[in-house]
Amino acid sequence: MSVPKVFTLKCVVMNNAWGRVGTESEVALLRQGGDETFELQHDMTYAELWMGTHPRGPSILSSSDFAGTSLTDWIKDHPECLGKKVRAKFNDKLPFLFKILSINKTLSLQAHPNKSHAEQLNATQPDKYVDDNHKPEMALALTPFEGMNGFKPVSEIVRLLQGIPEFKAAVGEEHCKDLFAVCKTDPKGSSDAAKAALKKCFTAFMNRDEDLVKEEIRKLEKRFQKLADLGQDITDYDGDIFLRLCREYPLDTGCFASYFFNVLVLKPGEAMFLGPNEPHAYMSGNCVECMSCSDNVVRAGLTPKYKDVPTLCEMLTYITNTPEERIFEVAMDPTDPAVTIYDPPIPDFAIAKIELPPETKEYTIAAYDSGSIIIVIRGAASASSPSIPQPLSLVRGSIFFVAADEPVHLKLDSNEGLLAFRAYCPL
């Protein structure tokens with residue numbers, strides 16, 4: 001039997017509490033579209049669709065000849081499918097984990113350690129950090145997508161501290177003095193002195209007496225709610241976001257998170273990259289996500305899970321940006337106008353968006369020097385390649401693996417055009 005280099009996959013769904021429910025979830029709808037055996041439960045949350053080889057949820061080949069074989073085992077038996085450079089760099093393993101996320105409720109306030117720190121955490125606290133790999137990641141919006149990403153400019157944090165007495169009291173006036181002083185000469189906060197002042201302020205806040213912080217949350221929630229009930233605009237002080245976080249995580253220290261961190265609203269097609277040691281929290285919407293093959297997270301708020309405040313406060317970069325600066329710059333593929341490339345500054349992964357207009361009848365997905373995973377978001381097509389005897393039928397939700405150096409020819413079956421996303425290793 002010849003070895004196919006293109007084949008469809010069945011992928012794992014995660015039912016986290018923050019996911020969207022039933023048919024409101026893009027994760028559920030994509031899984032239902034691409035897997036006729038999937039039974040969608042209308043009262044269940046569907047948060048994540050995992051595509052890859054991570055031990056918590058490896059994908060399974062759905063071809064009748066290889067049904068039940070995990071992608072992990074397939075790659076182990078056929079490592080040449082990864083490409084020579086990927087094999088050499090990542091020791092015959094797929095280096096990325098590809099996902100779709102459907103978010104109804106803010107995820108935990110978190111950051112991901114770099115590679116050496118991840119290994120250290122795994123070695124010293126294996127019960128808390130079971131993964132020794134780093135986890136840089138990218139979120140690419142499918143719908144309007146909201147999330148916190150990185151620290152605000154120092155001047156904006158100072159404005160909020162001075163304008164919201166409850167926030168200032170929760171941080172502690174004595175812990176704000178250095179930040180107020182440095183803001184006069186470095187309002188953005190790019191100097192080492194500004195980073196040190198911000199670290200001191202944030203760390204003090206995260207370690208404040210919980211009862212004191214809860215009392216200030218109660219006061220501010222009551223005040224903002226009264227203003228909102230009177231029809232007054234509270235958005236200038238992130239009052240709408242604060243009230244939402246209070247509803248989602250009552251009296252959690254993280255309710256003040258948006259006063260430290262940028263809140264981004266990505267348009268479909270826009271993306272943000274989250275490098276090591278950068279604080280973030282996804283908030284709402286649907287996205288494509290890609291990351292190194294890891295599930296390594298340091299949490300410090302907005303979660304019932306284990307919080308490691310000392311580790312998070314110590315590991316953060318304390319780099320400040322505006323929301324606009326946090327939006328990732330993309331590039332068109334110079335050889336193919338249908339492809340947009342999202343290539344972060346790491347070797348582990350990149351994303352290619354393939355978008356074909358309705359009048360397209362045929363199209364060839366180019367061969368890459370990397371194994372890749374592709375998911376169809378819109379449209380239908382039959383797919384053929386030199387290695388498979390019968391074309392694959394692709395519809396919305398279809399997920400398929402493409403081996404290195406293998407082109408895939410598409411014949412489109414509808415007038416919808418096609419939208420698909422491809423995760424690969426950009427070596």
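Look up: the structure comes first, before these words.
Reading guide: rules and limits
- Residues numbered from 1 in each chain as written.
- Predicted model: local features only at pLDDT ≥ 70, side-chain atom pairs only at ≥ 80, totals over all residues.
- Heavy atoms only, no water.
- Pairing = 2+ DSSP bridges.
- Helix = DSSP H or I, 4+ residues; strand = E, 2+ residues; numbered from the N terminus.
- Axes fitted to C-alpha atoms, helices over the stretch in contact; angles between N-to-C directions.
- Phe/Tyr/Trp six-rings, centres within 6.5 Å; stacked < 30°, edge-to-face > 60°.
- Buried < 20%, exposed > 50% of the residue type's maximum accessible area, 1.4 Å probe, protein only.
- Lys NZ or Arg CZ within 6 Å of the ring centre and 35° of its normal.
- Core = buried A, V, L, I, M, F, W, Y, C linked by side-chain atoms within 4.5 Å.
- Lys, Arg positive; Asp, Glu negative; His and termini not counted.
- Salt bridge = Lys/Arg side-chain N within 4 Å of Asp/Glu carboxyl O.
- Polar contact = N/O pair within 3.5 Å; in protein donor to acceptor, adjacent residues only side chain to side chain.

**Some remarks on the sheet that holds strand β20 (residues 381–384)**
At step 1: Strand order in the open sheet formed by four strands is β18-β23-β20-β21, with antiparallel pairing between adjacent strands. Taken across any chain shown, the strands that pair with only one partner, and hence form the sheet edges, are β18 (362–365) and β21 (392–394). Strand-to-strand twist across the sheet, computed as the mean angle between neighbouring axes with direction ignored, equals 25°.

**A short note on the packing of aromatic side chains**
At step 1: Going through the model one piece at a time under the given rule, you end up with 22 aromatic pairs.
At step 2: When the ring of Phe167 is compared with that of Tyr259, the centres are 5.1 Å apart and the planes differ by 40°; the resulting orientation is tilted. You can see Phe167 sitting in helix α6 (residues 165–171) and its partner Tyr259 sitting in the loop between α10 (239–248) and β11 (261–266), a full 92 residues away along the chain. Of the two residues, Phe167 and Tyr259, neither departs from the other in class, the shared state being buried.
At step 3: It is Lys128 that lies over the ring of Tyr306; its NZ or CZ is 5.0 Å from the centre.

**What about the sheet that holds strand β15 (residues 331–332)?**
At step 1: Strands sit in the order β6-β1-β22-β19-β24-β17-β16-β15 across an open sheet of eight strands; the sheet is antiparallel. Of all strands in the sheet, those with a lone pairing partner are β6 (60–61) and β15, marking the two edges.
At step 2: As paired elements, strand β1 (residues 6–10) and strand β22 (residues 399–402) share three bridges and run antiparallel to each other. Residue pairing in the sheet places Val6 in a bridge with Val402 of β22.

**Focus: the nonpolar core**
At step 1: By size, the foremost hydrophobic cluster in this structure holds 56 residues, and its most contacted members are Leu179, Phe202, Phe242, Phe256 and Phe260.
At step 2: Here this core takes seven residues from helix α8 (residues 192–206), the largest share from any one element.
At step 3: Leu82, Leu142, Ile351 and Ile375 belong to the second-largest nonpolar core, a separate cluster that totals 47 residues.

**Section: the side chain of Asp308**
At step 1: Among the structural elements, Asp308 can be located in the loop between β14 (298–301) and α11 (309–315).
At step 2: Comment: no salt bridge for buried Asp308; closest opposite-charge side chain is Lys128, at 8.6 Å.
At step 3: Here Tyr129 takes part through its side chain, which lies 2.8 Å from a polar atom of the side chain of Asp308.
At step 4: A polar atom in the side chain of Asp308 sits 2.8 Å from the side chain of Thr311.

Coordinates in, geometry out; function isn't part of it.
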